Structure formats: structure tokens, C-alpha cells
Number of protein chains: 4
Amino acid sequence: MVEKGKIMRILFVGDVMGNTGQEVLEEYLPKLKHLYHPQVTIVNGENATRGRGINEKVYKRILSCGADVVTMGNHTWDNPEITDFIGSAKKLIRPANFSAGQVPGIGYTTIKINQQELAVLNLQGRIFMTPSDDPFAVAKDIITDLRKKTSLIFVDFHAETTSEKAAFAWYFDGQVSAVVGTHTHIQTNDARILPQGTAFLTDVGMTGPYDGIIGMKRQNVIARFLNQMPTRFEVDESGRRNLSACLLEIDNEMGRAKKIKTILINPDHPFMQ
Amino acid sequence: MVEKGKIMRILFVGDVMGNTGQEVLEEYLPKLKHLYHPQVTIVNGENATRGRGINEKVYKRILSCGADVVTMGNHTWDNPEITDFIGSAKKLIRPANFSAGQVPGIGYTTIKINQQELAVLNLQGRIFMTPSDDPFAVAKDIITDLRKKTSLIFVDFHAETTSEKAAFAWYFDGQVSAVVGTHTHIQTNDARILPQGTAFLTDVGMTGPYDGIIGMKRQNVIARFLNQMPTRFEVDESGRRNLSACLLEIDNEMGRAKKIKTILINPDHPFMQ
Amino acid sequence: MVEKGKIMRILFVGDVMGNTGQEVLEEYLPKLKHLYHPQVTIVNGENATRGRGINEKVYKRILSCGADVVTMGNHTWDNPEITDFIGSAKKLIRPANFSAGQVPGIGYTTIKINQQELAVLNLQGRIFMTPSDDPFAVAKDIITDLRKKTSLIFVDFHAETTSEKAAFAWYFDGQVSAVVGTHTHIQTNDARILPQGTAFLTDVGMTGPYDGIIGMKRQNVIARFLNQMPTRFEVDESGRRNLSACLLEIDNEMGRAKKIKTILINPDHPFMQ
Amino acid sequence: MVEKGKIMRILFVGDVMGNTGQEVLEEYLPKLKHLYHPQVTIVNGENATRGRGINEKVYKRILSCGADVVTMGNHTWDNPEITDFIGSAKKLIRPANFSAGQVPGIGYTTIKINQQELAVLNLQGRIFMTPSDDPFAVAKDIITDLRKKTSLIFVDFHAETTSEKAAFAWYFDGQVSAVVGTHTHIQTNDARILPQGTAFLTDVGMTGPYDGIIGMKRQNVIARFLNQMPTRFEVDESGRRNLSACLLEIDNEMGRAKKIKTILINPDHPFMQ
Ligand SMILES: [Fe+2]
Ligand SMILES: [Fe+2]
Ligand SMILES: [Fe+2]
Ligand SMILES: [Fe+2]
Ligand SMILES: [Fe+2]
Ligand SMILES: [Fe+2]
Ligand SMILES: [Fe+2]
Ligand SMILES: [Fe+2]
């Protein structure tokens, strides 16, 4: 491990799916913290309540599992209960480029770790997704502002296509510490540090059922592809489980990433202490 | 290495981008063959000629690099020269679910390896892609037919979303030896063997420039995201390089996969013999 | 009016929206029949039950209003009650190019009018719509078959884009008597007879609320565009009303269209006997 | 005709397709002006140069045919020559919600007619279109500003879906004089004046070939639907022709629309003086 005070370690856990995802978090977050000693833990919670959005109870459970910030995505509003608490949920951020001035909640936050401040920013892509404000333009304004206070900036970029995620990461290379993608629910194998110091991973993957399809019961998803008739997708709450995450090491002074490492825990990748 | 005659080893190399991708193939295919001794090598060539489609010269070069079969995808027709040779190109397959009876070329082929026959099938997804015939229905008919001759079946499923790829793999689990995805140009980290013996990898990734965006010059792709004005994407033919592939081991008798392993060769993952 | 026995008159009423649409039908279908004396009346019912799909009660009400055939579209399965009766509903057709062999119901039907037989065929486009089988290929097979029995063929082509609708109509010009589009809920002003005798109208429009947006309550639809948050769209069941239809005259012997005329009834186009 | 000085008459001509469209304009614009005496003539020119974008020569030809303002749409940048002159083309406007600060040109303009000032605003929708800034938010800011100077505001809203166009028109009902849609190339039959005085027409339609598909050669468009292979669409420059337009009468003082009337000139709707 690197010298204390010089490196900030961030653990980022991908889209928690339903109760299964919450239980995986409960079981493994303490173990991962024990193993890696991250100062900050960020969890994507857009699918935390029954696969669609999040309510206050689940938000609090994720925090009590050890998350410091919960990020969201295109499923932000799926659970209508979110409007009851998003206004006062200081550790919950939804994509910052949602229709400006039209929606509740915040798109980024900062947390103090000893003498350092880490900014966490959530954005959503536009390709093959519901219309939103321009993520590049919105991010540029926010990042310019944030950099007056800190150079430690973590971005959860929630998007469908690899090209939009890569374009975002390369465009902000050197301006932010890390760009980690979410949304596809499958971890990619391309974790790297770009030339100017931004860590990049196209998608961190999903946390929940291991034998579902994007975490949903297989038979329902397959049926939809076979007959195109509407089916209610439900989280596959039984059976084997999966955790998808990544660990980052950021230079405290420059905000440059020193390391990015993917983490998988599932029957094919058992947890090893 | 496993006992000869009992296991078929397949090497599958993801979307070759332009001349850079061809050069990577030329350099590393012999080395990979020396290291892994695959009996069959399959290469996705949909981006082989300047990033868009393939012409005969490049097709032949890929074969002479050591490919036994070349698969395609949504870029199949981008290079109009393909119509000059696809009718007689026995080792080139394009998605089998392209408009039935309306397009040249074939969607699958079989190759004899000693006493064994391997079928290679190419399909394209429909979510966020140009309309095509139903890949599930078309595949079901073809696979039912193929299985009368052989249980060794490899599928290159070219699709955008993780859910369509996973649904396909789970639906045909036990009916085919492997489903490997292509199209996103980023390798996923989820190689696994499904319960009934089908090897599955959501996306094998791309072979070509390492510092482009999906293999294209970064500045053009970024510009498009910033201003939405048309730009001509060009393969980033200079600079560092990347090879994305996977290795499969299939039980010769049952057609069940025994092993699937991802391969990356790039500056962050140097080739080691 | 033309000589009896030589001309078949068809009245086609566009997408009936909810209870309001049913009431409009109840009020004006008798009046339109009195005025135009159609031998056949066809009604699109994909939005008939609360804006989403159709149930048996509403299906029967539409028939009792005077419809001979009810056509559907992308909302076919929205009301799950449809599966209770579609198997035996002989006058209900859903797009014929829904996943072959995977869904209940029929895609076309024929009705006997005196000595003549009229075939009614429903299809769905693919551009910007849920995947389906190829409407051009499916239609070609069905139409080839139908023409062995009759040259009087009416097509409700349910699609989003004007180009797909026009391509379909021109491709089958001379093979069918009429191609009338549905789905956009706004009547187009391009009713015409193509050179080989097929009547064509890009979209017949919607029957229901006049001051909603595509028949839904305005405030909900506008809110969605402003903030992109999910809202439940509901049929605007109060207020002013609209009927959108067209009248066709088809030569009984050749199946060629002689006339196509749009019909609108709403406060800006009051019904005149 | 109404009392001079109290009513402003606006003629709006829909998407001019290629040379054929220009010739139609040349032939009929003088005749329409003679017949209707509009004080202002607006022409959508996004397809004016060979179906894709516009160059300076064609822009000037359209002006010399009698246009006061030329509006654009999603094809704005298709002809790269536009960047040569858009910076100084005072009568050319492109969608105002193109990426703010990233593209040349202007999104609205004003013209002086006697003592009155008319503002013309061009916007683009987001559903099934290339990403752009929020048209509702951008329009709100511009319209609020414009209304400090004038209440005579004409909007060309270039969009695919009927719902987005209708939502826009209803949202700005009473704030602008007219919302006329473009893009689908087929005139709709729903011209009306909304309760607060905004004239609305979902789509004005296209000006050019009458027997093409959206103005393109039929065989190429049909081929694309049959085989999904790339074809170069070309304007159908031979054969019968079509003009699509609408005429508006706006109360000079309040900016409220008094009348909206669609105009079609083609073999099925011959021009009558
Ligand atoms: Fe998710
Ligand atoms: Fe998501
Ligand atoms: Fe590719
Ligand atoms: Fe592809
Ligand atoms: Fe409808
Ligand atoms: Fe519909
Ligand atoms: Fe256009
Ligand atoms: Fe357009």
C-alpha cells in the first residue's frame, strides 16, 4: 500500500440490483474495505429497489453498508418514492445533465476525507437514451468550477455506447481523476490510465444476480426477445450472486490516477482475501 | 494442453480495424498460434478495410495471416467492393439473419478439422441496430439443422446491447458450443461457461488502434459529440496498438465448452510468451 | 353514388382513443354510414381501452357501433386481457409481421360482401419501432396468396415514418387496393391513387379527444418533454372531440381504387350531412 | 383580403428538395404571391442542394425566387459548403437548439415589414433525431427575449414525431403566432388555431418530386427497405412535381393567428388562380 496521505483510494461498486444486490453489498463491502482500505466508497443505486430506482429505505441501507455516495442513472425516477427524500438526500446524486431547472436532486457532491476533498459527479449519455442536456457541455461547466476547489474528481458516466463513454473520458483526460461507466451491467476489460492521468473503465458492471440477464429473471427477458410482447421484468432474487466494482488510487495532490483495477466476485471469481 | 483429439481449440479475434488492425493480426496471429495451438482461427473483419467493410485484398490478407473464417456485422456492405467477391468467398460469412433471399453471401459455414466439423454462424442483433430478420428465429432453424451434422457450433453474435447478447446465449445454452459477442469494440470481462456448456463472452473487443475511440481518430469522434456536426471518421492508423481475442476449448464429442479465456495485447497488457 | 355491384365502398376509421373515441364512434359511425353507404367499415382499435390496447368489452362495443374488422398496431398487447379473447376474435387482426409462430391472433382476414371478398391485412413498420418480422417480406407472401382468391385487399400499415409507409405503398402499387397508414394519430393531407391503382394515405389520424396530444392529456405529455421524468399518460376523456377517417371506392373486378377521400369531424370541421 | 396594416400574411413553403424543388419554387412562388399577397415568405431549405443541405448558390436562388428567410433542419450540415457562407448569411437560420456555442450560424432572425417586426425561429426535436439541446428550454429563453420586441413570432419546428410537435405548440400557445412543423415531407391535415391564438400545423410537407419517396428516387428507397443494404438516395429530378405550403394571417397587434390554411400544388391538386 502507498504512503498514507499521498494517495486516495476509491472503491466504486456498479449498479446494485434489487434486494439481492443489497445483500451482496452487505456481505462483501466490509470484506472489500478490510482488504483494500478505500477512503471513499461510491455505489451506483439506480436499480437498487426491485430493479427500478431507489426509495429511502434502500438508500439508507446502502449507506449503512458503507457507501459514502450513491449515484444514479436513467432509472432515477422509476420508483416514485424518490421524490419524497431526494430533496434532502445529501449523499445521493443523479445525472447532472438532467433537464436543467426542471428536476429535483443534485448532480454532484463533494466529500471531505481528512484534508482532501473529493468531488463525485454523475452524468448520463445521449446515444440510445432518453433525451437529456448535453453531458459534455454540462460537465465542462461543472468541472471547471469544481477544479477551483479540488483536482480530485470522480465521474460515473451512465451511458449505453462505448464510443460516447470513451469520447467523454478522452475529452476530460487530465481534467478529472477517473471516468467510470455504468449502465450496461457487464464489466468491461479495458481499465486503463489515459495519458494525462485520468483512469478510465468503460463499464464497471452490475451487482446482484449472477444468472439473470442484466440482473433480471432470464425467462422474462428471453420471452421478450422471442415474441416482443410486454413482460414485467423482475430481479432474479434467487440463486448465485455477483459483485462488480473497481478500485482506484488517486494522487492526492495532482488528482491524477495512479491505478485502476477491476473487481469481480462471483462463482467463477470467488473472493479471496 | 489437453489430450489431442479430444478438445478443439478455437481462437477468435475481434473486429479488425483498418490497416493497423491487419498489421496487428500479421504480427500476433503467428505468435498466438504458436502459444495456444488453436485448430481453428476466426476473425471478425467488418471494419477491416479503412474501418468500413472489407474488400477482397484485405479478406485475402486476413486469410493469409492465418484466419480460417472471417465474420462480419453491421458494416458488411459499407465497402461496395464486397459484392465483387462475396458470392465466391467461401470463408467469409455475414449475419445469417440479413433480409432472407435479398442479399448475397452466406450466414454460416462449416470447416473440417481432422475428423471433426466445426460450424461457424454469424448473426446480428436488432436492438439499436438496422432492422434485420429475427436472430433468435433464424438461429433456431439453422442450429437445429447444423446439429444433425455436428454439435461443434461457434456463434459470433454482433449486437449493441448486453441484454440481447445474454438472452441469445442463455436461450441457446447447450445447443451451441460458444456465443461470443462483437460490435462494441470493447472487450468485456465476463467470459464464462453457462450451465449447459455454452461458452459466453458479451464482447470480444477490437483489434487495431489502442488510443483511438472504437478505433477511430479521437479528435473526430470527440468533435461529433461536442457539436453534432457530421465528420468523417477515420481509423487512427498511427500510434499504439491493441489486439482483442478469446480462446475456447470445446469438447469434441459433446460440443460443450471446457474453457473460455480472454486475450488482450496492448501497451497495458504486453504479450508474454 | 356509383353503380351498385361495381364499386366497393370502404370506410376506415383511425385509432380510437379510449372511451372518448368509442363515444365518437357511437355517435358518428351511423351518420357516416347513412351518408356514404360503405359496404365495409374498418376501425383501428389499438388504443381503444384507456389508450392502450383493447379488451373484449370494448372490442364488442366497436363491432356493435358498426365495425366489420378491427385492426391493431404496436399497442396490441398493452392490455393483457387481449389474450383472453384474441384466439377466438374473428374480426380482430393484429400486425401480421409480429414474431412468426410466437404470438396469438391473426394478421389478416377476409369478409364476404355480396359476391365479393375483401381481404384486410394489418402490418407494422420497423423504423423507430419495436423489432418485428420484415413487413415487406411477410406482406409479399400473404398478398401473393390472397390474390389467388381476391384482388380486393385493404392494408392498415401501422408505422412511424412517412418513408416506410410510402415505400410500402409504392412497392405494392397495383397489388393491393389500398394502403392506409396509422400510428401517428395525425391525419395527413396526401390521399391519392398511385399509378397502378393503389389508394394511399400516409396516416388516417386518430379518433378521440381533440385537445389532447395524440389523444392524451396535454399537461402530462408536455411535462414529459420538459423534465423527461416518467408520467402516466391518460386519455383526455373530457372536452372537444375528433374523428379521423377515410372513404375508399374500389373497383370490384380489378381491385383498383377509384377514389380516396379523407374525413375529419371536429369543432374546426363540423359534420355536415 | 383583410385591412392593410392590421394583418400580416405569411407564406411558408416546406422542405425544398433539390433542383426540382427549386424549379417548383421558381414557377409557383410568384403565382402564390400574386394570389395571396403575403408580406413575408419563409422557405425551408434543408434539402435544397441535391437533397442534402444547402450551398450558397442555391440559398441565393431561393432568395431570388422571393424568400425572405430560409430555415433548416437536421440536414443543415450535410453540404459542407454551408460553412463557407453561413457566417454571413443573414437570412438563413438553422435550429436554435444546436449545441450551444459549438456551431456557426444563427437560430432566429427578425424582419421588418412596414412598422412591424416578425421574428422567425427554427428549432429541432429530439425524439428519433440526433441529440441537440432541449428545444423547449432553448425556445423559452429566446421567445421570452423576443417578446420584449415583438409578439409576431413564427416557429419552424423540425421534428419527427407528432407528439413532440404538438407538445411544443400547446406549450407555447399564446406565446408565439405560429408553430409549423417540418421534416416528415408529408403535409398533415390538422391546421388549426389553438385556444390562445397560436396557429399550428404538424407538418407543412415537402416541395419537389411528386412521385418519389420523401422526394428521393423510389427504387433506391424501396431497395433499402427490402434488403437493408446501403444505397445512395438521390432526388428524383424527373417527372411530376409538388409544392407544399401554408398561409398564415396574424393579427399585427396581438400576434395572434387569425387563419391558417394549407396549400398543395400537384397533379392531384392543380394550381387555381
Ligand atoms: Fe443499471
Ligand atoms: Fe441504466
Ligand atoms: Fe466493429
Ligand atoms: Fe459493428
Ligand atoms: Fe395509435
Ligand atoms: Fe401505434
Ligand atoms: Fe427535409
Ligand atoms: Fe429533416
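Analysis parameters
Residues numbered from 1 in each chain as written. Chains lettered and ligands numbered in written order. Predicted model: local features only at pLDDT ≥ 70, side-chain atom pairs only at ≥ 80, totals over all residues. Heavy atoms only, no water. Donors = N, O, S within 2.8 Å, 3.2 Å for Na, K, Ca; no water. Helix = DSSP H or I, 4+ residues; strand = E, 2+ residues; numbered from the N terminus. Buried < 20%, exposed > 50% of the residue type's maximum accessible area, 1.4 Å probe, protein only. Contact = heavy atoms within 4.5 Å. Buried area = accessible area lost by both parts, 1.4 Å probe. Salt bridge = Lys/Arg side-chain N within 4 Å of Asp/Glu carboxyl O. UniProt positions renumbered as here; feature names shortened; annotations may be inferred. Polar contact = N/O pair within 3.5 Å; in protein donor to acceptor, adjacent residues only side chain to side chain. Least-squares fit on C-alpha atoms with pLDDT ≥ 70 in both. Pairing = 2+ DSSP bridges. Axes fitted to C-alpha atoms, helices over the stretch in contact; angles between N-to-C directions. Nonpolar A, V, L, I, M, F, W, Y, C, P; charged D, E, K, R; others polar.

With an unreviewed UniProt entry as reference, chain A is termed Metallophosphoesterase, source organism Liquorilactobacillus capillatus DSM 19910.

(A) How the structure looks around the coordination of the iron ion (ligand 2). All names here are of chain A. The coordination sphere of the iron ion (ligand 2), as far as protein atoms go, consists of Glu46 (OE), Asn74 (OD1), His158 (NE2) and His183 (ND1), spread over 2.1 to 2.2 Å. In the primary sequence, the donor residues of the iron ion (ligand 2) line up as E-x27-N-x83-H-x24-H. In this structure, the iron ion (ligand 2) lies 3.4 Å away from the iron ion (ligand 1), the two metals sharing Glu46 as a donor. Taken together, the residues span a long stretch of sequence, with Asn74 in the loop between strand 3 (69–71) and helix 3 (82–85) and His183 in the loop between strand 8 (178–182) and strand 9 (192–193) at a distance of 109 residues. The class of Asn74 is partly exposed, set by a relative accessible area of 27%.

(B) Quick peek at the environment of C:Glu27. The residue C:Glu27 is located in helix 1 (residues 18–36) in this model. Note: C-alpha distance between C:Glu27 and C:Cys65 (38 residues apart in sequence) is 8.6 Å.

(C) Examining the interface of chain B and chain A more closely. The interface is formed by 37 residues belonging to chain B together with 37 residues belonging to chain A. Counting the surface lost from both chain B and chain A, the interface buries some 3300 Å², and carbon and sulfur atoms represent 64% of this. Broken down residue by residue, the surface that chain B buries against chain A is led by B:Trp170, B:Asn189 and B:Phe225, which jointly contribute 21%. Between chain B and chain A we count two salt bridges in total. Residue A:Arg192 pairs with B:Asp211 through a salt bridge whose shortest N-O separation is 2.7 Å.

(D) The UniProt feature "binding site: Fe cation 1" (unreviewed entry) in chain A, seen in detail. All names here are of chain A. Residues given the UniProt feature "binding site: Fe cation 1" (unreviewed entry) here are Asp15, Glu46, Asn47 and His185. A maximum C-alpha distance of 11.4 Å places the annotated residues, which cover 171 residues in sequence, within one compact spot. Within the secondary structure, Asn47 sits in the loop between strand 2 (40–44) and helix 2 (56–65). Given a relative accessible area of 2%, Asn47 falls into the buried group. A distance of 3.0 Å separates a polar atom in the side chain of Asn47 from the backbone oxygen of Gly51. Counting through the fold element by element, His185 comes out in the loop between strand 8 and strand 9. Of the residues examined, His185 reaches a relative accessible area of 8% and is grouped as buried. Setting aside chain neighbours within four positions, we find His185 in contact with Asp15, Met17, Glu46, Asn47, Asp203, Gly205, Met206 and Ile214. Among the polar contacts made by the side chain of His185, one reaches the side chain of Asn47 at a distance of 3.0 Å.

(E) Just the relation of the copies chain C and chain B, in detail. Superposing chain C onto chain B requires a rotation of 180 degrees together with a translation of 0.0 Å along the rotation axis, leaving an RMSD of 0.0 Å. In the structure described here, the two chain copies are related by an operation that fits a two-fold rotation axis. Proximity to the rotation axis, assessed at the C-alpha, singles out C:Asp133 in chain C; its C-alpha lies 3.0 Å from the axis. An overlap of 100% is found between the interface residues of chain C and their copies at the interface of chain B, pointing to a shared contact surface.

(F) Quick look at the sheet that holds strand 5 (residues 108–113) of chain D. All names here are of chain D. Sheet architecture is open: six strands sit in the order 5-6-7-8-10-9, paired in mixed fashion. Only two strands of the sheet have a single partner each, and these edge strands are strand 5 and strand 9 (192–193). Judged from the three bridges that link them, strand 8 (residues 178–182) and strand 10 (residues 199–201) form a sheet pairing that is parallel. Along strand 10, the bridge assignment pairs Val180 with Leu201. On top of the sheet, helix 4 (residues 135–146) reaches strand 5, strand 6 (116–124) and strand 7 (153–158); it is set at about 170 degrees to strand 6, its chief contact.

(G) Broad picture of the interface of chain C and chain B. Contact with chain C, which involves six residues of that partner, is made by six residues of chain B. In total, chain C and chain B occlude about 500 Å² of area from one another, counting both sides; carbon and sulfur atoms represent 49% of this. Together, C:Arg126, C:Pro131 and C:Asp134 form the three largest contributors to the area buried by chain C at its contact with chain B, with a combined 67%. In this assembly, chain C and chain B are joined by zero salt bridges. For the pair chain C and chain B, the number of links is two residue pairs in polar contact (both at pLDDT 80 or more). Partitioned by chemical class, the residues of the side of chain C that touches chain B number two nonpolar, one polar and three charged.

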